[in-house]
Protein chains: 2
Amino acid sequence: MERGRENSMGILAVGSVAFDTIKTPFGQREEVLGGSATYFSLAASYFTRVALLAVVGRDFPAEYLQLFREKDLDVSGLQVANGSTFRWKGEYGFDLNTANTLDTQLNVFADFDPVVTAQHRGMEFLFLGNIDPDLQRSVLKQMDRPRLVICDTMNFWIEKKRESLMQTLAGIDILVINDAETRQLAGESNVIRAGRKILGWGPRTLVVKRGEYGALMLDGNSVFSSPAFPVEEVVDPTGAGDSFAGGFVGYLAATGDRDPSALRRAIIFGSVMASFNVGEFGPERLQALTFTEIENRFREFRQLTHFEDL
Amino acid sequence: MERGRENSMGILAVGSVAFDTIKTPFGQREEVLGGSATYFSLAASYFTRVALLAVVGRDFPAEYLQLFREKDLDVSGLQVANGSTFRWKGEYGFDLNTANTLDTQLNVFADFDPVVTAQHRGMEFLFLGNIDPDLQRSVLKQMDRPRLVICDTMNFWIEKKRESLMQTLAGIDILVINDAETRQLAGESNVIRAGRKILGWGPRTLVVKRGEYGALMLDGNSVFSSPAFPVEEVVDPTGAGDSFAGGFVGYLAATGDRDPSALRRAIIFGSVMASFNVGEFGPERLQALTFTEIENRFREFRQLTHFEDL
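Calculation notes
- Residues numbered from 1 in each chain as written.
- Chains lettered and ligands numbered in written order.
- Predicted model: local features only at pLDDT ≥ 70, side-chain atom pairs only at ≥ 80, totals over all residues.
- Heavy atoms only, no water.
- Helix = DSSP H or I, 4+ residues; strand = E, 2+ residues; numbered from the N terminus.
- Rg over C-alpha atoms; globule rule 2.2 N^0.38 Å.
- Areas by Shrake-Rupley, 256 points an atom, 1.4 Å probe, with all protein chains shown as cover.
- Lys, Arg positive; Asp, Glu negative; His and termini not counted.
- Charge placed at Lys NZ, Arg CZ, Asp CG, Glu CD.
- Phe/Tyr/Trp six-rings, centres within 6.5 Å; stacked < 30°, edge-to-face > 60°.
- Buried < 20%, exposed > 50% of the residue type's maximum accessible area, 1.4 Å probe, protein only.
- Lys NZ or Arg CZ within 6 Å of the ring centre and 35° of its normal.
- Pairing = 2+ DSSP bridges.
- Axes fitted to C-alpha atoms, helices over the stretch in contact; angles between N-to-C directions.
- Contact = heavy atoms within 4.5 Å.
- pLDDT = per-residue confidence, 0-100.
- Least-squares fit on C-alpha atoms with pLDDT ≥ 70 in both.
- Salt bridge = Lys/Arg side-chain N within 4 Å of Asp/Glu carboxyl O.
- Polar contact = N/O pair within 3.5 Å; in protein donor to acceptor, adjacent residues only side chain to side chain.
- Left-handed = near helix turned anticlockwise from the far one by under 90°.
- Nonpolar A, V, L, I, M, F, W, Y, C, P; charged D, E, K, R; others polar.
- Arc of directions from axis to C-beta.
- Expected span 1.5 Å × (residues − 1).

Student: Quick one: what's the story with the overall build of chain A, residue by residue and with numbers?
Tutor: Tallying secondary structure elements over chain A gives 10 helices and 13 strands in all. In terms of overall size, chain A behaves like a compact globule, its C-alpha atoms giving a radius of gyration of 18 Å where 310 residues would be expected to give roughly 19 Å. Expressed as lengths along the three principal axes of its C-alpha atoms, the size of chain A is roughly 65 × 40 × 40 Å. Of the roughly 11800 Å² of accessible surface on chain A, a fraction of 46% belongs to carbon and sulfur atoms. Charge centroids of chain A, computed over 32 positive and 41 negative side chains, lie 5 Å from each other.

Student: Let's hear about the packing of aromatic side chains: which residues, and what values?
Tutor: The way to describe two aromatic rings as a pair is by their centre distance and the angle between their planes. This model, assessed by the stated rule, comprises 33 aromatic pairs over all chains. Consider the rings of A:F60 and A:Y64, whose centres lie 5.6 Å apart with planes at 55°: the pair is tilted. The same class applies to A:F60 and to A:Y64, which are both buried. Considering the side-chain rings of B:F40 and B:F127, the 3.9 Å spacing of their centres and the 5° angle between planes classify their relative orientation as stacked. A residue pair is termed long-range when its members are at least 10 positions apart, and B:F40 in helix α1 (residues 36-44) and B:F127 in strand β8 (residues 125-128) qualify at 87 residues. Clustering of aromatic rings is evident, with ring pairs tying together A:F47, A:F224, A:Y251, A:F269, A:F291, A:F298 and B:F307. In this structure, A:R302 is placed above the aromatic ring of B:F307, and the distance from its NZ or CZ to the ring centre is 5.6 Å.

Student: Describe the sheet that holds strand β2 (residues 18-24) of chain A, with residues and values.
Tutor: All names here are of chain A. Across the sheet, which stays open at both edges, the four strands sit in the order β3-β2-β6-β7 with mixed pairing between neighbours. The open sheet is flanked by β3 (27-34) and β7 (99-105), the only strands paired with a single partner. Neighbour-to-neighbour, the strand axes of the sheet open up by a mean angle of 15°, direction not taken into account. Where β2 meets strand β6 (residues 86-92), six bridges bridge the pair, whose relative direction is parallel.

Student: Got a sec to walk through the sheet that holds strand β3 (residues 27-34) of chain B? Specific residues and values, please.
Tutor: All names here are of chain B. Strand order in this open sheet of four strands is β3-β2-β6-β7, and the pairing throughout is mixed. Each edge of the open sheet carries a strand with a single partner, namely β3 and β7 (99-105). Averaged over neighbouring strand pairs, the angle between their axes works out to 15° when direction is ignored. Across six bridges, strand β6 (residues 86-92) lies against β7 in antiparallel orientation. Opposite G90, over in β7, you have T101 as the bridge partner. With respect to the sheet, helix α2 (residues 62-70) is in contact with β2 (18-24) and β3, its orientation differing from that of β3 by roughly 70°.

Student: I'd like a description of the confidence of the model for chain A, backed by residues and values.
Tutor: Taken as a whole, chain A shows an average pLDDT of 94; of its residues, 97% reach a score of 70 or greater. Interface confidence for the predicted complex, given as ipTM, is 0.90, next to a pTM of 0.93.

Student: Report on the relation of the copies chain B and chain A, specifying residues and quantitative values.
Tutor: Note on the identical chains: chain B maps onto chain A by a rotation of 180° and an axial translation of 0.0 Å, with an RMSD of 0.0 Å. Read as a symmetry element, the transformation amounts to a two-fold axis. With an isologous cut-off of 70% or more, the 100% of interface residues of chain B that recur at the interface of chain A puts this contact in the isologous class.

Student: So what about the interface of chain B and chain A? Which residues, and what values?
Tutor: Facing the 40 residues of chain B at the interface are 41 residues of chain A. On inspection of chain B and its partner chain A, the count reaches 12 salt bridges. With its nearest N and O atoms 3.1 Å apart, the salt bridge here joins B:R196 to A:E232. Between chain B and chain A we count 25 residue pairs in polar contact (both at pLDDT 80 or more) in total.

Student: Kindly report on the packing of helix α8 (residues 240-255) of chain A against helix α9 (residues 260-277) of chain A, identifying the contributing residues and their values.
Tutor: All names here are of chain A. At a minimum axis distance of 7 Å, the contact between α8 and α9 shows a crossing angle of 140°. Taken as a pair, α8 and α9 cross one another with a handedness that is right-handed. Of the residues in α9, those in contact with A240, S243, F244, G247, F248, Y251 and L252 of α8 are A262, L263, R265, A266, I267, F269, G270, S271, M273, A274 and N277. Partitioned by chemical class, the residues of the contact of α8 with α9 number 12 nonpolar, five polar and one charged.

Student: Kindly report on helix α3 (residues 133-142) of chain A, identifying the contributing residues and their values.
Tutor: All names here are of chain A. What α3 keeps buried is the set P133, Q136, R137, V139 and L140. Projected onto a plane normal to the axis of α3, the buried residues spread over an arc of 155° and lie on a single side. Buried residues belonging to α3 abut β1 (11-14), β4 (50-57), β8 (125-128), β9 (148-151), α4 (155-160) and α5 (162-169). Between the side-chain oxygen at the start of α3 and the backbone nitrogen of D134 there is a gap of 2.8 Å, and the oxygen is on D132.

Student: Tell me about the side chain of A:R265, and name the residues and values.
Tutor: For A:R265, the location among the structural elements is in helix α9. The exposure class assigned to A:R265 is buried, which follows from its relative accessible area of 11%. If sequence neighbours within four positions are ignored, A:R265 has contacts with A:Y251, A:F298, B:E308, B:D309 and B:L310.

Student: Account for the pairing of β6(B), with residues named and values stated.
Tutor: In terms of burial, β6(B) is largely enclosed, as five of its seven residues are buried. Here β6(B) folds back onto β7(B), and the loop between the two strands holds six residues, one of which, B:L96, carries a positive phi near 60°.

Student: Please set out helix α10 (residues 291-305) of chain A residue by residue, giving values where relevant.
Tutor: The α-helix advances 3.6 residues per turn, and as a result positions three or four apart in sequence lie on the same side. The first and last C-alpha atoms of α10(A) sit 22 Å apart over 15 residues, in line with the 21 Å expected at 1.5 Å per residue. The complete set of buried residues in α10(A) reads A:F291, A:I294, A:E295, A:R297, A:F298, A:F301, A:R302, A:L304 and A:T305. Considered in projection along α10(A), the buried side chains sweep an arc of 165° and stay on one side of the axis. As for α10(A), its buried residues are in contact with β13 (223-226) and α9 of chain A together with β13 (223-226) and α9 (260-277) of chain B.

Student: Run through the pattern of salt bridges, naming residues and quoting values.
Tutor: Within this structure, the stated rule accounts for 37 salt bridges over all chains. Residues B:R193 and A:E233 are paired through a salt bridge, measuring 3.2 Å at the closest nitrogen-oxygen approach. With B:R193 in helix α7 (residues 191-199) and A:E233 in the loop between β13 and α8, this residue pair bridges two chains. Owing to a relative accessible area of 23%, B:R193 belongs among the partly exposed residues under this scheme. In this structure, the salt-bridge partner of B:E188 is B:R193, at a minimum N-O distance of 3.2 Å. Salt bridges sharing common partners tie together A:D132, A:D134, A:R137 and A:K161.

Structure, rendered in structure tokens:
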């Protein structure tokens with residue numbers, strides 16, 4: 001791959017920036033930096049240029065802006081609105097598999113109206129994070145012709161805005177969602193059959209995130225299945241899926257490739273970034289990686305999955 | 001590998017033979033042939049010689065004995081006791097992930113006392129299916145020195161006979177159990193840490209079966225992770241874990257290898273056999289495979305998991 005960020009094509013990433021209060025069996029943290037766009041952008045920043053399109057409140061501290069800038073994120077699209085930043089509070093049980101949401105305060109995120117500035121319209125990769133599908137399409141319409149549009153969503157939109165979501169799906173290239181969302185979106189319990197159904201609605205590629213079990217990628221011709229990296233010290237799964245998406249899209253943008261073998265390597269880089277992220281609270285670990293660590297873990301993935309032919 | 005069954009070392013397989021009544025969202029079957037030893041032996045029969053060590057009642061029909069013989073299983077160790085054959089009744093919900101046991105009648109299986117005959121004592125591979133750990137050790141003691149001892153167990157024995165199970169674990173080479181059993185046995189939610197703990201109790205290798213998510217193999221030096229084959233038509237998951245074990249041990253016995261790369265291929269063959277088994281009710285699919293189908297699916301696994309180096 002084109003190592004590092006030189007000559008790579010940038011990503012415009014729309015999503016949430018939030019304060020998270022997190023409790024896991026291993027401790028808790030109050031109001032740490034969070035949100036889907038945060039995890040996505042920090043993970044992707046190791047591969048390529050990323051511009052954030054999000055909204056925060058007046059209470060958003062300068063130190064976090066400074067952190068974004070230190071990771072070379074373009075924060076010119078980060079709107080600062082009157083009011084408070086989005087807050088989420090959640091708790092994980094013994095097995096760390098599901099977050100129990102204790103409180104959600106949308107605050108300024110409730111009125112988020114993403115405006116793509118002239119300098120971002122030409123970006124070649126667009127990541128539509130998990131926001132209202134109406135807004136996802138609004139962002140897409142404001143763009144010139146991005147080479148690749150990658151989209152996330154969640155159960156809330158599948159239930160409440162299905163029609164709008166279906167319109168969004170018709171305009172994207174790659175959908176990145178989890179197991180349960182895949183089954184729910186397709187109304188089909190078998191994840192492979194569910195995936196094939198979803199591919200009929202627009203996306204050419206579906207990536208199914210399976211948490212500690214890895215990821216599955218489907219397109220018209222093939223299925224790719226990758227395990228998660230076996231992490232012995234999982235302290236906080238918050239943002240794992242967004243970190244995965246950041247590594248996945250980041251790698252694709254860094255190389256400009258989108259052939260099947262690049263997509264497969266991108267899945268592995270996604271899993272690498274998620275595996276780092278879960279090792280510390282919030283996005284702490286994503287702030288302090290080196291590209292050598294990332295490449296080394298990619299190579300460990302080969303050891304993890306390789307078997308010889310007959 | 002040594003294709004087919006010639007020159008391969010045999011397996012003695014102890015476990016249950018039962019009548020299963022199964023209900024899934026795709027239909028139901030009354031009193032079909034089942035039991036852990038049945039699924040294991042049918043799956044392993046494609047790779048090597050298998051001798052069954054189990055008990056059935058007087059009601060066990062000649063047609064099933066005939067079926068075993070047609071698959072070249074050695075049924076000389078199949079005891080026929082006064083009474084009825086073990087019966088199990090279960091139901092699967094929409095996602096097919098967990099069986100809800102509706103009824104269990106142990107019948108002759110309650111007094112099963114496995115006796116290893118002189119002709120089986122020298123067999124080189126021993127599979128201790130999911131039975132009372134006291135009986136597992138009794139079988140092991142009756143054997144000459146098997147080259148490889150592979151063992152299964154379940155939550156019931158982990159809870160009720162933990163001390164005895166620990167003694168069994170001290171005498172085996174490979175433990176093959178599922179996720180939940182791994183966590184429960186070790187009292188540890190992280191499956192990798194749980195696995196390392198279990199490896200300290202005797203087995204050199206731990207295989208963790210994860211159903212639709214594949215399998216994980218741990219030993220002192222490495223971790224191997226393999227996905228499940230993506231099956232679009234899962235109609236009955238009964239016996240998937242035992243079919244997996246049959247393919248896994250069958251391949252090891254067929255080749256006689258136990259180096260890391262053979263163990264990895266064995267995991268893939270286990271996944272192959274499980275993937276066939278779930279496609280039909282009971283062990284129907286396992287009765288009618290060809291070795292070419294098995295090899296072809298092994299090769300499809302490579303397509304499913306392969307990615308290129310950096």
